[in-house]
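Chain residues, written in single-letter form:
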Amino acid sequence: TLETLQIAFAGTVISAVFSFPLGLLAAENLTPSWVYQPVKWLLGVLRAIPIILLALMFVSTIGLGPFPGVLAIAFHSTGMLGKFYSEAFENARKGPLEALESAGANWFQKVRFGVLTQVSPDLARDTLFRFELNLRESLILGLVGAGGIGFYIQLYIRSFQYDKVATLTIVLLILVVLIEQLSVAIRKRLR
């Protein structure tokens, strides 16, 4: 269970780090079309590759264990979070951005004071939602040798130990519910 949480958490953190600048570059209201169009295409390509295929590719390249799972989750999640982040940045109200621009603010100041102050709860919500999805996907990745609970579920299914499969499924359900409650609590604090 701890390994599954670590895979999901590490993959989510890595993807959030890469998604933030890509989301800024993909936002139509913050960058010119010659910048945001190719970045949007890149994010679309990252999302289009199924995570199971990424996991198989990384397992065959790196070997068995949790690291290929982390890479697969980070790669796929970057495409999704980048899209979510860019949409959040694009939904920022124009008034504060125009006021900052008329006051002589540079691009970084407009992003910091005009955009992030408006969309930080949305960014947190999207990141926590993606973490929850990554937790479930790390289960599936374990089935192809990328570590975590999925590896043990596959092992127990093959040896007909369904009581252990049921126990691990209940553990996973409890984790998802706890992460959902954490997400709700964090979003309430940010509002």
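Residues numbered from 1 in each chain as written. Predicted model: local features only at pLDDT ≥ 70, side-chain atom pairs only at ≥ 80, totals over all residues. Heavy atoms only, no water.

### What to know about the overall build of the chain
- For the chain, the helix and strand inventory stands at eight helices and zero strands.
- Reading the helices (α) and strands (β) of the chain from amino to carboxyl end gives α-α-α-α-α-α-α-α.
- Principal-axis analysis of the C-alpha atoms gives the chain an extent of 70 × 35 × 20 Å.
- The contacts in the chain between residues at least 6 apart in sequence include a share of 72% that link residues at least 24 apart.
- With the model as given, the accessible surface of the chain reaches about 10300 Å², and the carbon-plus-sulfur share is 69%. (Helix = DSSP H or I, 4+ residues; strand = E, 2+ residues; numbered from the N terminus. Contact = heavy atoms within 4.5 Å. Areas by Shrake-Rupley, 256 points an atom, 1.4 Å probe, with all protein chains shown as cover.)

### As for the packing of aromatic side chains
- This structure, assessed with the given rule, holds five aromatic pairs.
- Note on Phe 58 and Phe 75: the rings are 6.4 Å apart at their centroids and 70 degrees apart in plane angle, and the pair reads as edge-to-face. In this pair, Phe 58 is assigned in helix H3 (residues 51-62) and Phe 75 in helix H4 (residues 66-90), connecting sequence segments 17 residues apart.
- Phe 58 sits in the buried class, given a relative accessible area of 15%.
- Look at Phe 75 and you get partly exposed, because its relative accessible area is 31%.
- Measuring from ring centre to ring centre gives 6.3 Å for Phe 160 and Tyr 162, while their planes differ by 70 degrees; the resulting arrangement is edge-to-face.
- Exposure remark for Phe 160: the relative accessible area of 63% places this residue in the exposed category. (Phe/Tyr/Trp six-rings, centres within 6.5 Å; stacked < 30°, edge-to-face > 60°. Buried < 20%, exposed > 50% of the residue type's maximum accessible area, 1.4 Å probe, protein only.)

### A closer look at H4
- The terminal C-alpha atoms of H4, which comprises 25 residues, lie 35 Å apart, in line with the 36 Å expected from a rise of 1.5 Å per residue.
- Maximal helix bending in H4 amounts to about 30 degrees, located at Ser 77. (Expected span 1.5 Å × (residues − 1). Bend = angle between axes of the 7 residues up to and from the residue.)

### Structural notes on a nonpolar patch on the surface
- Among the surface-exposed residues, Phe 9, Val 13, Ile 14, Val 17 and Phe 18 lie close enough to one another that they form a single nonpolar patch of about 470 Å² accessible area.
- Position of Val 17 relative to the elements: it lies in helix H1 (residues 2-26). (Patch = residues over 30% accessible without salt bridge, like charges linked within 9 Å, V, L, I, M, F, W, Y side chains within 5 Å. Salt bridge = Lys/Arg side-chain N within 4 Å of Asp/Glu carboxyl O.)

### Thoughts on the pattern of salt bridges
- Taken as a whole and judged by the stated rule, the model has eight salt bridges.
- Residue Glu 28 is joined to Lys 40 by a salt bridge in which the shortest nitrogen-to-oxygen separation is 3.8 Å. On the criterion of sequence distance, the pair formed by Glu 28 in the loop between H1 and helix H2 (33-48) and Lys 40 in helix H2 is long-range, its members being 12 residues apart.
- For Glu 28, a relative accessible area of 45% gives the class partly exposed.
- Across the pair Glu 87 and Lys 83 runs a salt bridge whose closest N-O atoms are separated by 2.3 Å. Taken as a pair, Glu 87 and Lys 83 lie in helix H4 at a separation of four residues, close to a single helical turn.
- With relative accessibility at 32%, the residue Glu 87 sits in the partly exposed group.
- Relative accessible area serves as the criterion here: at 29%, Lys 83 is assigned to the partly exposed category.
- Several salt bridges share partner residues, and in doing so they unite Glu 28, Lys 40 and Glu 90 into one network.

### What about the packing of H1 against H4?
- Between H1 and H4, the least distance of the axes is 6 Å, while the angle of their chain directions is 40 degrees. Relative to H4, H1 is oriented so that their crossing is right-handed.
- Residues that form the contact of H1 with H4 fall into these classes: 17 nonpolar, 10 polar and two charged. (Axes fitted to C-alpha atoms, helices over the stretch in contact; angles between N-to-C directions. Left-handed = near helix turned anticlockwise from the far one by under 90°. Nonpolar A, V, L, I, M, F, W, Y, C, P; charged D, E, K, R; others polar.)

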